[in-house]
Each structure stands twice: as structure tokens, then as C-alpha cells.
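# Working through the structure, step by step
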Amino acid sequence: MLKSVNQWCYPDHTPLEKVFQISADAGYEAVELNLYEPGGTGLTLDSTPEEVAAIGELAKRYGLQLRSLSTGLLWKSPLSSADAEVRAQGRSIVSKQLEIAEQLGMDTVLVVPGAVNADTPYDACYERSQGELRLLAEEAERRGVRIGVENVWNKFLLSPLEMARYVDEIGSSHIGVYFDVGNILLMGFPEQWIRILGDRIFKVHVKDFRPGVGTGQGFVPLLSGNVNWKAVREALEEIGYTDTLTAEVGFYESDPWQLAYDTAQHMEVILGRRDDR
């Protein structure tokens, strides 16, 4: 498995060269970039092919792989919306992700499928988001890029059996799961989800969490929460997962760069590379 870090682990508007320089120095093998609104730092909805190519060359200069692309834009334009225009906006965001991923040789894009709320019933979220993903699967297959549906705090896909069924029903080998270890801790045990989802898992996010807090304040640095990392590693090895483990944790306010270095060392423990100590 490869050590990777998400761009969100650095303060907003950190130049990509700085992100790549620190990531390489800290010992990461890959960086996960994000797609932003126009005006964001790095890849945006209006990035040109020339700008995208330049970012790819910059990553190569630092010896870093770009293997996946995430985004937070789908929270504003959910694929589960009752408004067809909003769903179309969401599709266009994922289409841009797929376009960029193909150009940069990334094999997976992260997609939040929607959210259940007072205006979006659970069954409607299920049906609408599946419908949009079926449309997007055609483009994903054409571009040779996979879509990983992430488990997030969206009151949706609350069991591994349901998540497995959800992606299987779409009927495309290019639709699977982007599994977030820390996000699942409120509702279950990540090692159990991993074994049930099996090879449906395309990529993995790592963060740690203390369920007793019960809110977003419970997310803490790796190794300081309640994730059983040894069990998680064993489950990933059992299903034959050999791809990226991407850290997605908040930076330190007092020293934003130190988080990248500390997290890289924490991941050495998670990967079992320090079991002899």
C-alpha cells in the first residue's frame, strides 16, 4: 500500500508546489488533489488542458504519483437533488473530474452520491443518485477512470451490505467504493466493512475518530482515536488491497506543515512498517 496525502491537509490556497515539496519531503508516495470552484488553488472547474498538464509535470518533478481526484463541490450540487438542473450541475462536476483524471492518468475520482435530509427522503436519494451514476458510468468507462462512492456523514448507505448492493445494482465495473475508515466509526467497524465490500473498494481514506465525542470535533490525528488500525490493515491485506492510503486530516493551526510530517510517521505504524520497535 502507498502512503498518500490529500490536498485538504494543507491550508487553503497553499501553492501546489509547496504541497508537493512538503509531501515529498515527508515521505509520501502520492498526493490526492481536489477539484475546486474557479479561483481555487490547483485544479478547478475552469482548468484548461494546458494547466492540468503543467500540474502533472510539477508532481512528477517531485517524484509524486497523482492517482485520484476528490472534490467537495457535490455537497452544493448533489446527485440526489429533486431539482433536475442541480443534478445536472452535479454531473458536470463529476464529468470534469473524469476529464482531468484521464488526462493525468488517475484511475479513480471520489464522488459523494448525495444526502438524505428533510427535503430528500432516503428512497429518493437512493434512486436519484443511482440514476445519475448510471449515466456517469458510461463516461467513466469511455475514459478508463473509475468512480469511487464515498461513505460520509450524509445519513445514507448506513450498512456495508447496503453499500455493496447500491454499487452492484448500478451494473458497472467502473463504479465502486471510496472507503473512508474514520467516517464509519460512528456506525460500525471499518474492518468489517472492508471485508464485506471486498474488491468493490477502489481507494481508501484514513482519518481517526473518537465516537464518544459524537460530532465533527471527534476527528483527531491518526493513532489518537478509536480505529483499530491493526485490524484495518489485516482486513485490507485480506482483500488484496495494494493501492493508496490517503490521509485526510486537519492541519495544525500553530504549525500547518508539521501535520504532514507527523501523519506520514503515523502511517508507517498503520502500514505495519514499525512493528519491530
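Scroll up a little and you will see the structure.
The text that follows walks through the structure, step by step, so that each part is easy to find.

What counts, and where the lines are drawn
In every chain, residue numbers begin from 1 and rise along the written sequence. Thresholds applied to this predicted model are a pLDDT of at least 70 for local features of residues and 80 or more for the giving and counting of side-chain atom pairs; totals over whole chains, interfaces and linings are not thresholded and use all residues. Side-chain metrics rest on all non-hydrogen atoms present in the structure, leaving aside hydrogens and water. Aromatic pairs are defined between Phe, Tyr and Trp rings, using the six-membered ring for Trp, whenever the two ring centres lie within 6.5 Å; interplanar angles under 30 degrees are classed as stacked, those over 60 as edge-to-face, and all others as tilted. Runs of H or I in DSSP of at least four residues are treated as helices and runs of E of at least two as strands, each being numbered from the N terminus. Relative accessibility under 20% of the residue-type maximum defines a buried residue, over 50% an exposed one, and the middle range a partly exposed one, all with a 1.4 Å probe and only protein chains included. Lysine NZ or arginine CZ positioned within 6 Å of the ring centre and within 35 degrees of the ring normal marks a charge as sitting over the ring. We define a salt bridge as a side-chain nitrogen of Lys or Arg found within 4 Å of a carboxyl oxygen belonging to Asp or Glu.

## Some remarks on the packing of aromatic side chains
For the coordinates displayed, the defined rule picks out nine aromatic pairs. Between Trp153 and Phe219, the ring centres sit 5.2 Å apart and the planes meet at 40°, which makes this aromatic pair tilted. On the criterion of sequence distance, the pair formed by Trp153 in the loop between β5 (146-150) and α5 (160-170) and Phe219 in strand β9 (residues 219-220) is long-range, its members being 66 residues apart. With 5.6 Å between their ring centres and 90° between their planes, Phe156 and Tyr166 make a pair best called edge-to-face. One end of the pair, Phe156, is in the loop between β5 and α5; the other, Tyr166, is in helix α5, with 10 residues separating them in the sequence. Tyr166 gets classed as buried once you look at its relative accessible area, which sits at 0%. An aromatic cluster is present here, built from Tyr122, Tyr126, Phe156 and Tyr166 joined pairwise through their rings. One residue, Arg146, lies across the ring of Phe202, its end atom 4.1 Å from the ring centre. The ring of Phe219 has Lys207 lying over it, and the distance from NZ or CZ to the ring centre is 5.5 Å.

## What about the pattern of salt bridges?
Pairs can form between side chains of opposite charge whenever their charged atoms are close. All told, the structure shown has 19 salt bridges when counted by the stated rule. Lys60 is the partner of Glu57 in a salt bridge, and the nearest nitrogen-oxygen pair spans 3.6 Å. Taken together, the residues Glu57 and Lys60, both in helix α2 (residues 49-61) and three residues apart, mark about one turn of the helix. Between Glu238 and Arg195 there is a salt bridge, and its shortest N-O distance comes to 3.0 Å. Here the residue Glu238 occupies a position in helix α7 (residues 229-238), and Arg195 occupies one in helix α6 (residues 190-197), the gap between them amounting to 43 residues.

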